[in-house]
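Overview (structure and organization)
Now for the letters of each chain:
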Amino acid sequence: MSNPVLVCALRRINAFKVLADTLKLLTQHREELSKSGSALQRVMALTPEMTFRQAILFFTEKDFVTSKPYFTIYNVLGHGVSICLFCLAEKSQRCREESLFTYFQTGAQILCTVLLIKPGAWSHRLARILQKIGLEKFTVVAMKHVHLEPDIALGLLSSEVKQDPALLEAHCTYLTSGTSLVLCLQRPNAVKKLIDLLGPEDPKVAQALDPFLWRAQYGISTVQNGFYGSKSYQIAVRDMKLFFPEGLCCAECQTLEEEEV
């Protein structure tokens, strides 16, 4: 090879798919980049096995990865590491070093997420919902009844909902109409797993996609869709601090300690 290359080990949730999508997007602009003379040739590992073999070629135990790179977003699928020939991000300000190969063998981190069962959805179905939670290997590490204040209800809504005044009012009115049940759930890849189980916000769309999705089973409308779930790890941390400032009943772990939960 006539020119040098930069070999990077990139770590994040669902690394293979996200990196592949990113490369595909960059490829669409290849002609523009080529005209500017800054085109990059990109190669990535497609499986964990291939990644491990390539990592052995390029890295040793003296090489380290950070536990929380700036590009890490905890809102999708499972953990992974992928090798790529260019760098996507810088280190975060807070990080700790760990062996790259130890990380390969560790597997998914145990994370926490927040599930809010909306007014009217839990009072007659709590036993079945808790059974579903248990079957999906979640551990309940905190639970409380709450009557949402308008400002807290507003903070749970998406930016799309906030752009529609009528829809915003409908959501806020419903969320503050009665008591909700808030649970903090723990398991590997908890955030994405919960989002996958809940399904689309619209129960009709969820029903068409999979009748066993939770919103398909317990939702009535886009507003009364049964559940709220933290949409990303960062939002989950915010929700945990909001609803459970007194702390959780789970065992202490490095992730929660770093987030000061």
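Refer to the structure above for everything that follows.
Described below are features of the structure shown in this document. Just so it is clear, the structure is predicted and the values come from calculations on it, not from any experiment.

A word on the overall build of the protein chain. Within the protein chain, the regular secondary structure consists of 13 helices and eight strands. Evaluated residue by residue, the protein chain yields a buried proportion of 43% over its 261 residues. Contacts in the protein chain between residues at least 24 apart in sequence constitute 78% of all its contacts with a sequence separation of at least 6.

In this model, Lys 137 sits at a positive phi of 70 degrees, which is unusual for a non-glycine residue. Of note, Lys 137 is situated in the loop between α5 (126-135) and β6 (139-146).

Pairing within the open sheet is antiparallel, and its four strands lie in the order β6-β7-β5-β8. Of all the strands in the sheet, the pair left with one neighbour each is β6 and β8 (227-229). In this sheet, neighbouring strand axes are inclined to one another by 20 degrees on average, regardless of whether the strands run parallel or antiparallel. Of the strand pairs in this sheet, strand β5 (residues 110-117) and strand β7 (residues 180-188) are connected by eight bridges, and their pairing is antiparallel. In the sheet register, Leu 111 faces β7, and the bridge partner there is Arg 187. On top of the sheet, helix α9 (residues 190-198) reaches β5, β7 and β8; it is set at about 35 degrees to β5, its chief contact. Of the strands in this sheet, β5, β6, β7 and β8 are in contact with helix α12 (residues 233-243), which crosses β5 at around 65 degrees.

All right, on to the pattern of salt bridges then. In this structure the tally under the stated criterion is six salt bridges. As a salt-bridge pair, Lys 144 and Glu 246 come within 3.4 Å of each other at their nearest N and O atoms. Of this pair, Lys 144 sits in strand β6 while Glu 246 sits in the loop between α12 and α13 (254-258), and the two are 102 residues apart along the sequence. Here Lys 144 falls in the partly exposed class, since its relative accessible area comes to 26%. As a salt-bridge pair, Arg 238 and Asp 239 come within 2.8 Å of each other at their nearest N and O atoms. Arg 238 gets classed as partly exposed once you look at its relative accessible area, which sits at 38%. Members of the salt-bridge network, linked through shared partners, are Glu 201, Arg 215 and Lys 231.

Note that an α-helix has 3.6 residues per turn; residues three or four places apart therefore point the same way. Within α9, burial applies to Ala 190, Val 191, Lys 192, Leu 194, Leu 197 and Leu 198. Buried residues along α9 sit against β5, β7, α11 (214-218), β8 and α12.

Cut-off values and rules
- Residues numbered from 1 in each chain as written.
- Predicted model: local features only at pLDDT ≥ 70, side-chain atom pairs only at ≥ 80, totals over all residues.
- Heavy atoms only, no water.
- Helix = DSSP H or I, 4+ residues; strand = E, 2+ residues; numbered from the N terminus.
- Buried < 20%, exposed > 50% of the residue type's maximum accessible area, 1.4 Å probe, protein only.
- Contact = heavy atoms within 4.5 Å.
- Pairing = 2+ DSSP bridges.
- Axes fitted to C-alpha atoms, helices over the stretch in contact; angles between N-to-C directions.
- Salt bridge = Lys/Arg side-chain N within 4 Å of Asp/Glu carboxyl O.

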